[in-house]
Amino acid sequence: MYRRLDDLNVSGERVLVRVDFNVPIKDGEVKDDTRIRAALPTLRALLERGATLVLTSHLGRPKGGPDDKYRLGPVARRLGELLGREVRYTPTPGPASTEQQEFVAAAPPGSVTLIENSRFDPREEANDPALARVLASYASLYVDDAFGAAHRAHATTEGVARLLPNAAGYLMDAELSALAKLVERPARPFVVVLGGAKVSDKLGIITRLLDLADTLVVGGAMAYTFVAARGGSVGKSLVEPELYHTARRILDDARERGVHVLLPLDSLCARAIADGAGASVHPSAAIPDDLMGLDIGPAARQEFVAALQGAGTVFWNGPLGVFETPPFDGGTMAVGAALAALPAYTVVGGGDSIAALNAAGLLGRVSHVSTGGGASREYLEGRVLPGVAALDPAAS
Ligand code: ADP
Ligand code: MG
């Protein structure tokens, strides 16, 4: 188990903090500052305790060199507004450039400096020790609060953690503790709701969840791969035929382990996503050839909502239909509302699932919203997160 922020003596120290400020930016403005807000408790605590902060984050996928589109200037401005204090930032060729090193060296005590996008340096993703050494020279301590990047062994996550005394920030700790509750003695029954576009994205997690869950509810496009694998006619629904074999194996495994699997009995179907007005309900295993299943139908909705009642723990990843386009949002919204009303321990992960619940104003009513899609998936698959594994163990 890693050391926690509260067990690190930071007074008068320079602290390098890995944050996940990979936020959407448009016309030089941060479009959604959720991830910046999520790091504020850690940053505020460090400042209150007299630390000088050097922050590092990646943003987007620049091709291994400086790219004005991916500069962190807008993030520094937004962070300054949220913190109510100056955030030092200067555009440089990279996080470890001479300009950046001089700028960091000039940071006054108690200040906050955001260094340039870590991915402007190709050595970040290569986890090059030479880059990690320069980053480590910026501070005497390291705090990792970037849960969303913890599944990557990069210089700002894994590399630098090996070089400086360190601790997990509050966000990192909160995410890991929330997910740990799902895998270590979850309150039963444990219901898992999976949806979204592709089975292939979620194969690892399904396999692992069969060991943990009591009931597996499957909706979204991925349900049709299961329905078709069992011999149903799914029309033009999105399917992954190369996975029929795997889908059948998953259903067999579930039966062997006594996991109850629910596929949607019926579906709301249309010729195309744009044809909401012409939508009709059909059994999911008898969808006419020219139609595709775009949402779960009313019978499935009822059955899915009923499956949630009495649950002790629920994990939801993936919308149950094309929630971006009404009327195909109905199933996701109905099941989302049922989930939000449960007294159970509820965790929602995945960018689109969060967006769907947020649009319905339900996000505040789930126990935990997991912001790091890839990282939470890999954690639940049972994989070791390199960014976490590299942290110092807590003193016992
Ligand atoms: P998350 O981001 O929550 O992990 P995914 O990215 O796996 O979720 O899946 C979300 C996408 O799946 C959405 O864009 C949604 O429109 C799509 N989707 C859900 N159901 C269907 C369906 N029946 N047909 C086509 N696309 C679907
Ligand atoms: Mg998604």
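What counts and what doesn't
Residues numbered from 1 in each chain as written. Chains lettered and ligands numbered in written order. Predicted model: local features only at pLDDT ≥ 70, side-chain atom pairs only at ≥ 80, totals over all residues. Heavy atoms only, no water. Helix = DSSP H or I, 4+ residues; strand = E, 2+ residues; numbered from the N terminus. Rg over C-alpha atoms; globule rule 2.2 N^0.38 Å. Buried < 20%, exposed > 50% of the residue type's maximum accessible area, 1.4 Å probe, protein only. Contact = heavy atoms within 4.5 Å. Lys, Arg positive; Asp, Glu negative; His and termini not counted. Charge placed at Lys NZ, Arg CZ, Asp CG, Glu CD. Near = heavy atom within 4 Å. Polar contact = N/O pair within 3.5 Å; in protein donor to acceptor, adjacent residues only side chain to side chain. 1 Å grid on protein atoms, 1.4 Å probe; cavity = no way out; pocket = protein on both sides within 12 Å on 5 of 7 lines; lining within 4 Å. Sits in = over half its atoms within 2 Å of the grid points. Nonpolar A, V, L, I, M, F, W, Y, C, P; charged D, E, K, R; others polar. Salt bridge = Lys/Arg side-chain N within 4 Å of Asp/Glu carboxyl O. Core = buried A, V, L, I, M, F, W, Y, C linked by side-chain atoms within 4.5 Å. Domains from an automatic or database assignment. Axes fitted to C-alpha atoms, helices over the stretch in contact; angles between N-to-C directions. Parallel < 35°, antiparallel > 145°, perpendicular 65-115°, else oblique. Left-handed = near helix turned anticlockwise from the far one by under 90°. Pairing = 2+ DSSP bridges. Phe/Tyr/Trp six-rings, centres within 6.5 Å; stacked < 30°, edge-to-face > 60°. Lys NZ or Arg CZ within 6 Å of the ring centre and 35° of its normal. Buried area = accessible area lost by both parts, 1.4 Å probe.

Asks: So what exactly am I meant to see when it comes to the overall build of the protein here?
Replies: When helices and strands are counted, the protein shows 14 helices and 18 strands. Over its C-alpha atoms the protein spans a radius of gyration of 23 Å, differing by no more than 12% from the 21 Å that the globule rule assigns to 396 residues. Its C-alpha atoms give the protein principal-axis dimensions of about 70 × 50 × 35 Å. For the protein, the proportion of its 396 residues judged to be buried stands at 57%. For the protein, the share of sequence-separated contacts (at least 6 apart) that also reach a separation of at least 24 residues comes to 74%. Placing the 40 positive and 46 negative side-chain charges of the protein at their respective mean positions leaves the two points 1 Å apart.

Asks: Just checking my understanding: could you explain the site of ligand 1 for this structure?
Replies: In the region of ligand 1, 18 residues are neighbours, and K202, G293, E324, D352 and S353 sit closest. At 3.0 Å from a nitrogen atom of ligand 1 is found a main-chain nitrogen or oxygen belonging to G293. Here an oxygen atom of ligand 1 and a side-chain polar atom of N317 are 3.2 Å apart. Of all the cavities here, the one that holds ligand 1 is the second largest pocket. Counting residues per element, the ones that place at least two in the shell around ligand 1 are strand 15 (292–296) and helix 12 (351–359). In terms of residue count, the dominant contributor to the shell around ligand 1 is helix 12 (3 residues). Among the residues making up the shell around ligand 1, the classes are represented as 6 nonpolar, 9 polar and 3 charged.

Asks: Looking at this structure, I do not really get the pattern of salt bridges. What am I missing?
Replies: Side-chain pairs of opposite charge can arise where the charged atoms are in close proximity. If you walk through the whole model with that rule in mind, you get 21 salt bridges. Between R4 and D173 there is a salt bridge, with the nearest N and O atoms lying 2.7 Å from each other. You can see R4 sitting in the segment before strand 1 (14–18) and its partner D173 sitting in helix 6 (residues 170–183), a full 169 residues away along the chain. In this structure D173 comes out as buried when scored by relative accessible area, which is 14%. We note a salt bridge from R249 to D253, for which the minimum N-O separation is 3.9 Å. In this pair, R249 and D253 are both assigned in helix 9 (residues 244–257), 4 residues apart and thus about one turn of the helix distant. A residue is classified by how much of its surface remains accessible, and R249, at 40% relative accessible area, is partly exposed.

Asks: Got a minute to help me understand the nonpolar core in this structure?
Replies: I206, F226 and F315 are the most contacted members of the largest nonpolar core, which has 68 residues in total. Split by domain, this core shows at least three residues from each of two domains, domain 1 (5–173) and domain 2 (185–380). Each residue touching F226, except ones within four places of it in the same chain, is listed here: V199, I206, V218, A247, I250, L251 and L263. Membership of the second largest hydrophobic core comes to 33 residues, among which are I36, L43, A51 and L72.

Asks: Would you mind going over the packing of helix 1 (residues 34–48) against helix 2 (residues 73–83) with me for this structure?
Replies: If you want to describe how two helices pack, look at the angle between their axes and the distance between the axes. In the contact formed by helix 1 and helix 2, the axes pass within 11 Å of each other and the chain directions differ by 60°. Accordingly, the angle class assigned to the pair helix 1 and helix 2 is oblique. Viewed along their axes, helix 1 and helix 2 form a crossing whose handedness is right-handed. Here I36, R37, L40, L43, R44 and L47 of helix 1 come into contact with helix 2, specifically with V75, R78, L79, L82 and L83. Of the residues assigned to the contact of helix 1 with helix 2, the class counts are 8 nonpolar, no polar and 3 charged.

Asks: Would you take a moment to explain the sheet that holds strand 17 (residues 345–349) for this structure?
Replies: The strands making up a sheet associate through hydrogen bonds between their backbones, and the pairing can be parallel or antiparallel. What the 6 strands build is an open sheet, ordered 11-9-8-16-17-18; its pairing is parallel. Each edge of the sheet is formed by a strand with only one pairing partner; in this case those strands are strand 11 (260–262) and strand 18 (368–370). Averaged over all pairs of adjacent strands, the angle between their axes in this sheet comes to 15°, without regard to strand direction. Across 5 bridges, strand 16 (residues 313–317) lies against strand 17 in parallel orientation. Bridge assignment links F315 to a residue of strand 17, and that residue is V347.

Asks: What should I look at first to understand the side chain of D121 in this one?
Replies: Looking at the secondary structure, you find D121 in the loop between strand 5 (112–114) and helix 4 (129–136). Not counting the four nearest positions on each side in its chain, D121 is found in contact with P95, A96 and L131.

Asks: What is the right way to read the packing of aromatic side chains from this model?
Replies: For any pair of aromatic rings, geometry is given as the distance between the ring centres together with the angle between the planes. Summed over the entire model, instances satisfying the criterion amount to 0 aromatic pairs. Across from the ring centre of F103, 4.0 Å away, lies the NZ or CZ of R88, which sits over that ring. The ring of Y345 carries the charged tip of K181 above its face, separated from the ring centre by 4.2 Å.

Asks: I keep staring at the domain arrangement of the protein and nothing clicks. Help me out?
Replies: A common way to express how large an interface is: the accessible area buried when the components associate. Along its sequence, the protein is organised into domain 1 (5–173) and domain 2 (185–380). Using only C-alpha atoms to locate each centre, domain 1 and domain 2 end up separated by 36 Å. Opposite the 4 residues of domain 1 that make contact, domain 2 presents 7 residues. Carbon and sulfur atoms make up 68% of the area that domain 1 and domain 2 hide from each other, which totals about 520 Å². Contact with domain 2 buries area across many residues of domain 1, yet R35, F147 and H151 alone supply 77% of it, more than any other trio. Between the two partners, domain 1 and domain 2, sit 0 salt bridges.

Asks: Before we go on, may I ask you to explain the sheet that holds strand 12 (residues 266–270) in this structure?
Replies: Here 3 strands make up an open sheet; going across it, the order is 13-12-15 and the pairing antiparallel. Because the sheet does not close on itself, it has two edges, and the strands there are strand 13 (280–283) and strand 15. Neighbour-to-neighbour, the strand axes of this sheet turn through a mean angle of 50°, independent of strand direction. As defined by bridge partners, strand 12 adjoins strand 15 across 4 bridges and the pair is classed as antiparallel. Its bridge partner being in strand 15, L268 is matched across the sheet by D295.

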